[in-house]
Amino acid sequence: MPARPLPPQLRRVPFSVPRADELGVPRGRLRALDLSAPFHGVRATVPPATHAERCAAFAARMPVTQVFSHATAALLWGVPLPSALERGPLHVSALRGREPRVPGVVGHRLRADRVRVGAVRGLPVVSACDSWCQLATALSHDDLVAAGDRLLGWPRPLVSADELDAAIERHRGGRGTSARDAARLDLRPGAASPRETRLRLQVVRAGFPEPELNAPIPLSAGWTAHGDLVFRAYGVLLEYDGEQHRGDDA
């Protein structure tokens, strides 16, 4: 026998068990095989597959005192991170009260004066700057620099250098202070990908001068090109050719 139809409000988005109770859905209906339970107290008609979908599912049960943080917030902001973090548990922080204790979630408590809170796709998150600061204890130096370069990156930076520096000061004295300070010295505005950042770090460590990043190069045809790493004084540029250059004949 087909399962009883859900109310329209619950058919396309994850929902909490209390919300289903409010709409008069019997508890037995919530145990039907056409529903998944991605987190305790949450049901979904379509199992969440992506990182953002998992966040949306957990958000169905989040109180207003909790926000996504650390690697979870950084990924929602579009910051490049090692793939293991994307597949890992969600990070959720309590601004007041007890941190969440749910399978599949790493809970934290935050000092509200150390973070700024915003929203991505309607989900509550710490700011991109704060998420970067929180990552200092979880990432290697080069991964932290690549993530920070995305915040200041080209052509659409997520934050200004002043905003990032203010966040670093808010977190000063906490865990990761030395790692943040060391990474900040290596951040540069203008990178367009984490591969470009890693190329720059290797080149500079090898003793070459600092390049301009995605610098404009006026051409005689009247238009302007951009080079990944430009050594203008020497008439030299380095390009990191991504996968499309190998696999796309055009």
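The structure under discussion appears in the preceding block.
To start, this report covers the structure provided alongside it.

Basis of the calculations
Each chain carries its own residue numbering, running from 1 in the written order of its sequence. It should be noted that, the model being predicted, local features are given only for residues of pLDDT at least 70 and side-chain atom pairs only at 80 or more, the latter also being counted only at that level, while totals for whole chains, interfaces and linings use all residues. Computation of side-chain values: all heavy atoms of the structure, hydrogens and water removed. For the purposes of this entry, the term helix denotes a DSSP run of H or I that reaches at least four residues, the term strand denotes a run of E that reaches at least two, and both are numbered from the N terminus. Exposure is judged per residue with a 1.4 Å probe applied to protein chains only, and the accessible area is read against the type maximum: over 50% gives exposed, under 20% gives buried, and values in between give partly exposed. Residue contacts are counted whenever heavy atoms from the two residues lie within 4.5 Å of one another. Note that accessible areas follow from Shrake-Rupley with a 1.4 Å probe, and for residues the cover is restricted to the protein chains shown. The positive count covers Lys and Arg only, the negative count covers Asp and Glu only, and His and the chain ends enter neither. Just so you know, the charge point we use is NZ for Lys, CZ for Arg, CG for Asp and CD for Glu. To get an axis, a line is fitted to the C-alpha atoms, and for a helix only the part in contact is used. The angle between two axes follows their N-to-C directions and goes from 0 to 180 degrees. Any angle that is under 35 degrees is reported as roughly parallel, and any over 145 degrees as roughly antiparallel; angles of 65 to 115 degrees are reported as roughly perpendicular and all others as oblique. A crossing counts as left-handed when the near helix is turned anticlockwise from the far one by less than a right angle, and as right-handed when that turn is clockwise. Under the scheme applied, nonpolar residues are Ala, Val, Leu, Ile, Met, Phe, Trp, Tyr, Cys and Pro; charged residues are Asp, Glu, Lys and Arg; polar residues are all the others, including Gly. Strand pairing is defined by DSSP finding a minimum of two bridges between the two strands. Stacked, edge-to-face and tilted labels apply to pairs of Phe, Tyr and Trp rings (six-membered ring for Trp) whose centres lie within 6.5 Å, assigned for plane angles under 30 degrees, over 60, and everything in between, in that order. Nonpolar cores were defined as sets of buried Ala, Val, Leu, Ile, Met, Phe, Trp, Tyr and Cys residues, with membership established by side-chain atoms within 4.5 Å. Should a side-chain nitrogen of Lys or Arg be within 4 Å of a carboxyl oxygen of Asp or Glu, the pair is scored as a salt bridge.

What follows deals with the overall build of the protein. Tallying secondary structure elements over the protein gives ten helices and ten strands in all. In terms of its C-alpha atoms, the protein occupies a principal-axis envelope of roughly 75 × 50 × 30 Å. A buried classification covers 41% of the 250 residues belonging to the protein. Of the contacts made within the protein by residues no fewer than 6 positions apart, 50% connect residues no fewer than 24 positions apart. Entry remark: accessible area of the protein is about 13800 Å², with carbon and sulfur atoms responsible for 54%. Here the protein carries 33 positive and 26 negative side-chain charges, and the mean point of each set is 12 Å from the other.

Following Trp-154, the chain continues to Pro-155 via a peptide bond in cis, the omega torsion being 5°. One non-glycine residue, His-70, lies in the positive phi region at around 50°. Topologically, His-70 is positioned in helix 3 (residues 70–77).

Across the interface, helix 6 (residues 141–151) lies against helix 8 (residues 177–186) with an axial gap of 9 Å and an inter-helix angle of 60°. Classified by the angle their axes make, helix 6 and helix 8 are oblique. When the axes of helix 6 and helix 8 are compared, the crossing they make is right-handed. Taking contact as the criterion, the partners of His-141, Leu-144, Val-145 and Asp-149 in helix 6 are, on helix 8, Ala-179, Arg-180, Ala-182, Ala-183 and Asp-186. Residue composition of the contact of helix 6 with helix 8, grouped by class: five nonpolar, one polar and three charged.

Alignment of strand 6 (residues 117–120) against strand 7 (residues 123–126), held across four bridges, turns out to be antiparallel. Across the sheet, the residue bridging to Ala-119 is Pro-124, located in strand 7. Connecting strand 6 to the antiparallel partner strand 7 that follows it, the hairpin turn spans two residues, and Arg-121 within it adopts a positive phi of roughly 55°.

Let's shift gears to the packing of aromatic side chains. Tallying each qualifying case throughout the model produces one aromatic pair. Between Phe-39 and Phe-58, the ring centres sit 5.2 Å apart and the planes meet at 75°, which makes this aromatic pair edge-to-face. Of the two residues, Phe-39 sits in the loop between helix 1 (17–22) and strand 2 (42–43) while Phe-58 sits in helix 2 (residues 51–59), which places them 19 residues apart along the sequence. Both residues of the pair, Phe-39 and Phe-58, count as buried.

Before going further, it helps to spend a moment on the nonpolar core. Counting 24 residues, the largest nonpolar core has Leu-81, Trp-132, Leu-135, Leu-144, Leu-151, Val-159 and Leu-164 as the members making the most contacts within it. Residues within four places of Leu-135 in sequence aside, it is in contact with His-70, Ala-71, Ala-74, Leu-81 and Leu-144. Listed in part, the 21 residues of the second largest apolar core include Met-62, Val-102, Leu-110 and Val-125.

Moving on: the pattern of salt bridges. In this structure the tally under the stated criterion is 15 salt bridges. With a closest N to O distance of 2.3 Å, Arg-198 and Asp-143 form a salt bridge. Placement of the pair is Arg-198 in helix 9 (residues 194–205) and Asp-143 in helix 6, with a sequence separation of 55 residues. Taking relative accessible area as the criterion, Asp-143 reaches 18% and is therefore assigned buried. Two residues, Arg-200 and Asp-149, come together in a salt bridge whose shortest N-O distance is 2.9 Å. Of the two residues, Arg-200 is situated in helix 9 and Asp-149 in helix 6; the sequence distance between them amounts to 51 residues. One salt-bridge network, held together by shared partners, links Glu-99, Arg-101 and Arg-109.

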